[in-house]
Amino acid sequence: MCLGIPGEIVEILPDRPDLARVNVSGVRRAINVGLLEADPPRPGDWVLIHVGFALSKIDEEEAAAVSRYLEELGQAYTDEIDALSQSMIE
Amino acid sequence: MRFVDEYRDADTARALGARIAELCEPGREYQFMEVCGGHTHTIYKHGIADHLPEQVSLVHGPGCPVCVIPMGRVDDAIHIASRPDVIMTSFGDMMRVPGSDNTFFDSNAEGTDIRMVYSPLDSLKIARQNPDKHVVFMAIGFETTAPSTAMTLLRAEEEGLDNFSVFCNHVTIVPGIKAILDSPDLRLDGFLGPGHVSTVIGCRPYEFIAAEYGKPLVVAGFEPLDLLQSVHHLMLQLAEGRCAVENQYSRVVPWQGNPVALEAINRTMRLRPYFEWRGLGFISHSAMRLRDDYARFDAERIFDLPGVRVADPKACQCGEVLKGVLKPWECKVFGTACTPETPIGTCMVSPEGACAAYYNFGRFTRERIRDATATASATAPATTATANTGGRG
Ligand code: SF4
C-alpha cells in the first residue's frame, strides 16, 4: 500500500477526464488522475500510482528504474500487482 | 547473489561509500534516521550498511503507517465490522494487524465481512453494489494515501452515496518526526526524508527541523544509490557546518508538493488535537479526522465506538523499534514468538515495518557480509568493503 508503482497511461476514459486506463507490468486497469489536473497526463506518459491514484508524473527512465527496484522487492510487489488486478475503479 | 551484482552501478556505490568515509571526523559517530518504511526496506534488502563506514549508522523511524496504528483502533474497526449491516474494507496490509483479541482475518472467521481493497475507490464500488449494506473504508496512511481518501470522499459526495463512510486513521509525518526529536533517548545527526510523502507535502514542512533543531534533512529516493547519495549529502552538510533541507529526489518530488492533493485533504479533513501512535503514545496534531461538513461520511460519528485505549502487549518492544532506540533483532521476541506469520507487534506485519524487513532480508545481509568480508580480504581495500557487523545477531 505504501509502494508507488509506475504505470503508462494507455488512454483517458471517454467522458471521464479524471480516469485513465494504465498499463502496469502488463496489467491494465483504470486509475484516477484527478490529482494531476494541473498538468494532466496524456497517453504514453508515465505516472507513479498510489492506491489507485496517480500522484506524480515521472519520465520513462525513472519509471524503468522504479520498476526494476520493485521487481527486486519480490513478494511485496507481486502482492501490490495482485491487488491492482482485483481493482475495479470506475 | 553477491552484493555487488545487486547494484546498477556498483562502482558508484563504492565511490560514495568511500567519500562518506572521508567525511567522517575521527572518533565521531554519526546516526541518521530514515523516516520512511520504504527506505528501511531498501536498506535491509540491499545491505546499505555494508557500504557505510562503521562510524555511520542508520536508525529506523516511525514511517510505516501500519506500524503506528494503535491496537485500540483495530478493536474499534472490528467493533464497527461486527454489525451485520456493515461491510468493512481495508488495504491488505491491515488484515493481519493484531487488535487486543483479533486481527481482521480472525474476525472474518468469526463472521465479519472485512474485505481487502486496492484503492478507496474500490470501496465506493462495493457501496454502489450493496445498497442494503453500509460500507466503511478503514483509511490508514500518511500524506501519501490521505489524498486518495479525500478524493474518494469528494466523489461519494458528488454521487450522493448514503451508505459509505470512512474510518479515518490518517497520520501526518511531521509531528511524528518532532516527537522523535523531542524524545530524550535518541541522539540523531540528521534525517533521510520520506520520498513519496514529500510528493504530496513538498519539502517546506521540514524546514523547522533544520531551523529549530539544527538537524539537516535530505529527501531521498528509494534506490540503493539514492540512499547512499543522500547520506553523502547529509555528511557534506555536517562537514561544511551547514544545516538545511535538501531534495535528492527532485526527479519525482516537487519542492512545493502537490497543491491539488493538499487542497483535497484540506477540504475534507482537519487535524485532530491529538492521536495515539503505537509505541510513541499521544502526539499533538498528528492525525486527521473528517471535517464537520463531511460528518455524514464519518464512521466515527455514525457508529458508537468503544474507543478504549489498549496497552501494547508486554513482550512487544515496537515502541523502541519505532523510535529507533532498539534494532529489530534486539527485541526479545523477534523471530521466535514474533514472526511475519504470527506477529505480536505491528512492525512485523507490513513489509515496510522494520522487523519484517529485517526478518525477510536480514539473513541475506549477513550472507552478504560474509561474502564481502571474504572478497575484501582477497581484493578490495578495507575501507570500502568492511561490513558493519556490530550488533547483528
Ligand atoms: S519483534 Fe515483534 S514485538 Fe518485537 S518490536 Fe518487532 S514487531 Fe514488535
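Our structure's up above, just so we're on the same page.
Participant: When you look at the overall build of chain A in this model, what are you seeing that I'm missing?
Facilitator: Within chain A, the regular secondary structure consists of two helices and five strands. Here chain A holds 90 residues, and the buried ones make up 53% of them. Restricting to contacts in chain A with at least 6 residues of sequence separation, those with at least 24 account for 47%. Carbon and sulfur atoms make up 47% of the accessible area of chain A, which amounts to about 3,900 Å² in all. Distance between charge centres in chain A, computed from 7 positive and 17 negative side chains, equals 5 Å.

Participant: Before we go on, may I ask you to explain helix H10 (residues 224-239) of chain B in this structure?
Facilitator: Three- or four-residue spacings in an α-helix give side chains the same orientation, since the helix completes a turn every 3.6 residues. All names here are of chain B. Taking 1.5 Å of rise per residue, the 16 residues of H10 would be expected to cover 22 Å, and the 23 Å separating its terminal C-alpha atoms lies within 8% of that figure. Within H10, 12 of the 16 residues are buried, leaving the element largely enclosed by the surrounding structure. Once H10 finishes, Gly241 follows within two positions and takes phi at roughly 70°, a positive value.

Participant: Explanation requested: the site of the ligand in the structure shown.
Facilitator: In the vicinity of the ligand, the residues found are Cys316(B), Gln317(B), Cys318(B), Val321(B), Cys331(B), Val333(B), Phe334(B), Cys338(B), Gly345(B), Cys347(B), Met348(B) and Cys355(B). Considering only residue class, the shell around the ligand consists of 10 nonpolar, two polar and no charged.

Participant: For this particular structure, what's the right way to read the nonpolar core?
Facilitator: Soluble, globular proteins show a tendency: their nonpolar side chains are buried together. If you look at the biggest cluster of nonpolar residues, it comprises 140 residues, and the most contacted ones within it are Ile5(A), Met94(B), Phe104(B), Phe164(B), Ile173(B), Phe191(B) and Tyr206(B). Residues contacting Ile5(A), with those up to four places away along its chain left out, are Val24(A), Val47(A), Leu48(A), Ile49(A), Leu70(A), Tyr77(A), Glu80(A), Leu84(A) and Tyr118(B).

Participant: I tried to follow the pattern of salt bridges on my own but got confused; where do I start?
Facilitator: Should the charged atoms of two oppositely charged side chains come close, the side chains can pair. Applying the stated criterion to the full structure yields 27 salt bridges over all chains. The salt bridge involving Glu90(A) is made with Arg128(B); its shortest N-O contact spans 3.4 Å. Of this pair, Glu90(A) sits in the segment after helix H2 (75-86) while Arg128(B) sits in helix H5 (residues 120-129), which puts the two residues in different chains. Overall, Glu90(A) belongs to the partly exposed group, its relative accessible area being 39%.

Participant: I'm lost on the pairing of strand E5 (residues 53-58) of chain A in this one. Help?
Facilitator: Residues and elements named next belong to chain A. Judged by how many residues are buried, E5 sits mostly within the fold: five of six residues are covered. For strand E4 (residues 46-50) and E5, the ladder comprises five bridges, and the chain directions are antiparallel. Counted as the bridge partner of Ile49 is Ala54 from E5. Remark: two residues form the turn of the hairpin made by E4 and E5, two consecutive strands paired antiparallel; Val51 in that turn has positive phi of roughly 35°.

Participant: How do you make sense of the interface of chain A and chain B when you look at a structure like this?
Facilitator: Where the parts come together, the accessible area they lose is often given as the size of the interface. With 36 residues of chain A at the contact, the number on the chain B side is 42 residues. At the boundary of chain A with chain B, total buried surface from both sides reaches about 3,300 Å², with 61% on carbon and sulfur atoms. Along the contact surface separating chain A from chain B lie three salt bridges. The shortest N-O distance in the salt bridge between Lys125(B) and Glu90(A) comes to 3.0 Å.

Participant: Just to check I follow, could you spell out the sheet that holds strand E4 (residues 114-116) of chain B for this structure?
Facilitator: Strand pairs in the sheet, formed through backbone hydrogen bonds, run parallel or antiparallel to each other. Residues and elements named next belong to chain B. Spatially, four strands are ordered E4-E3-E5-E6 in an open sheet, and the strand pairing comes out parallel. Taken across any chain shown, the strands that pair with only one partner, and hence form the sheet edges, are E4 and strand E6 (164-170). The average undirected angle you get between the axes of adjacent strands in this sheet is 25°.

Participant: Teacher, can you tell me more about helix H1 (residues 10-23) of chain B here?
Facilitator: Residue and element names in this part refer to chain B. For H1, spanning 14 residues, the distance from its first C-alpha to its last is 20 Å, which sits close to the expected 20 Å at 1.5 Å a residue. Every buried residue belonging to H1 is among Ala10, Ala13, Leu16, Gly17 and Ile20, and all of these are buried. One side of H1 holds all its buried residues, which, seen down the axis, span an arc of 125°. Opposite the buried face of H1, at more than 90 degrees from it, the exposed residues are Asp11 and Glu22.

Participant: I keep staring at the environment of Asp59(A) and nothing clicks. Help me out?
Facilitator: Residues and elements named next belong to chain A. Summarising the element assignment, Asp59 is placed in the loop between E5 and helix H1 (60-73). When its relative accessible area of 49% is taken as the criterion, Asp59 is described as partly exposed. Linking Asp59 and Arg28, residues 31 residues apart in sequence, is a C-alpha distance of 19 Å. In terms of polar contacts, Asp59 uses its side chain to reach the backbone amide nitrogen of Glu62, at 2.8 Å.

Participant: Is there a simple way to think about the pairing of strand E5 (residues 134-141) of chain B in this case?
Facilitator: Working note: regular strand, side chains alternate between the two faces of the sheet. All names here are of chain B. Among the eight residues of E5, eight are classified as buried, and the element is accordingly described as predominantly covered. What you see with E5 is no split at all: His134, Val136, Met138 and Ile140 on one side and Val135, Phe137, Ala139 and Gly141 on the other are buried throughout. Bridging between strand E3 (residues 86-90) and E5 involves four bridges; their strand directions are parallel. Looking across to E5, one finds that Ile87 is bridged to Val135. Across seven bridges, E5 lies against E6 in parallel orientation. From the neighbouring strand, Val136 faces E6, where its bridge partner is Ser165. Between E5 and its parallel partner E6, the chain crosses via helix H6 (residues 146-159), and the hand of that crossover is right-handed.

Participant: Help me out: how do you make sense of the packing of H6(B) against helix H11 (residues 259-268) of chain B in this one?
Facilitator: Geometry of a packed helix pair, given as the angle between the helix axes and the separation of the axes. Residues and elements named next belong to chain B. Their axes nearest at 8 Å, the elements H6 and H11 cross at an angle of 60°. Put simply, H6 runs oblique to H11. Of the two possible hands of crossing, H6 and H11 adopt the one that is left-handed. Residues Ala146, Pro147, Ala150, Met151, Leu153, Leu154 and Glu157 of H6 form the contact with H11, whose own contacting residues are Ala261, Ala264, Ile265, Arg267 and Thr268. Looking at the contact of H6 with H11 residue by residue, the classes come out as nine nonpolar, one polar and two charged.

What counts, and at which threshold
Residues numbered from 1 in each chain as written. Chains lettered and ligands numbered in written order. Predicted model: local features only at pLDDT ≥ 70, side-chain atom pairs only at ≥ 80, totals over all residues. Heavy atoms only, no water. Helix = DSSP H or I, 4+ residues; strand = E, 2+ residues; numbered from the N terminus. Buried < 20%, exposed > 50% of the residue type's maximum accessible area, 1.4 Å probe, protein only. Contact = heavy atoms within 4.5 Å. Areas by Shrake-Rupley, 256 points an atom, 1.4 Å probe, with all protein chains shown as cover. Lys, Arg positive; Asp, Glu negative; His and termini not counted. Charge placed at Lys NZ, Arg CZ, Asp CG, Glu CD. Expected span 1.5 Å × (residues − 1). Near = heavy atom within 4 Å. Nonpolar A, V, L, I, M, F, W, Y, C, P; charged D, E, K, R; others polar. Core = buried A, V, L, I, M, F, W, Y, C linked by side-chain atoms within 4.5 Å. Salt bridge = Lys/Arg side-chain N within 4 Å of Asp/Glu carboxyl O. Pairing = 2+ DSSP bridges. Buried area = accessible area lost by both parts, 1.4 Å probe. Axes fitted to C-alpha atoms, helices over the stretch in contact; angles between N-to-C directions. Arc of directions from axis to C-beta. Polar contact = N/O pair within 3.5 Å; in protein donor to acceptor, adjacent residues only side chain to side chain. Right-handed = clockwise from strand over helix to strand, strands pointing away. Parallel < 35°, antiparallel > 145°, perpendicular 65-115°, else oblique. Left-handed = near helix turned anticlockwise from the far one by under 90°.

It is worth stressing that arrangement in space is one thing and function is another; only the former is reported here.
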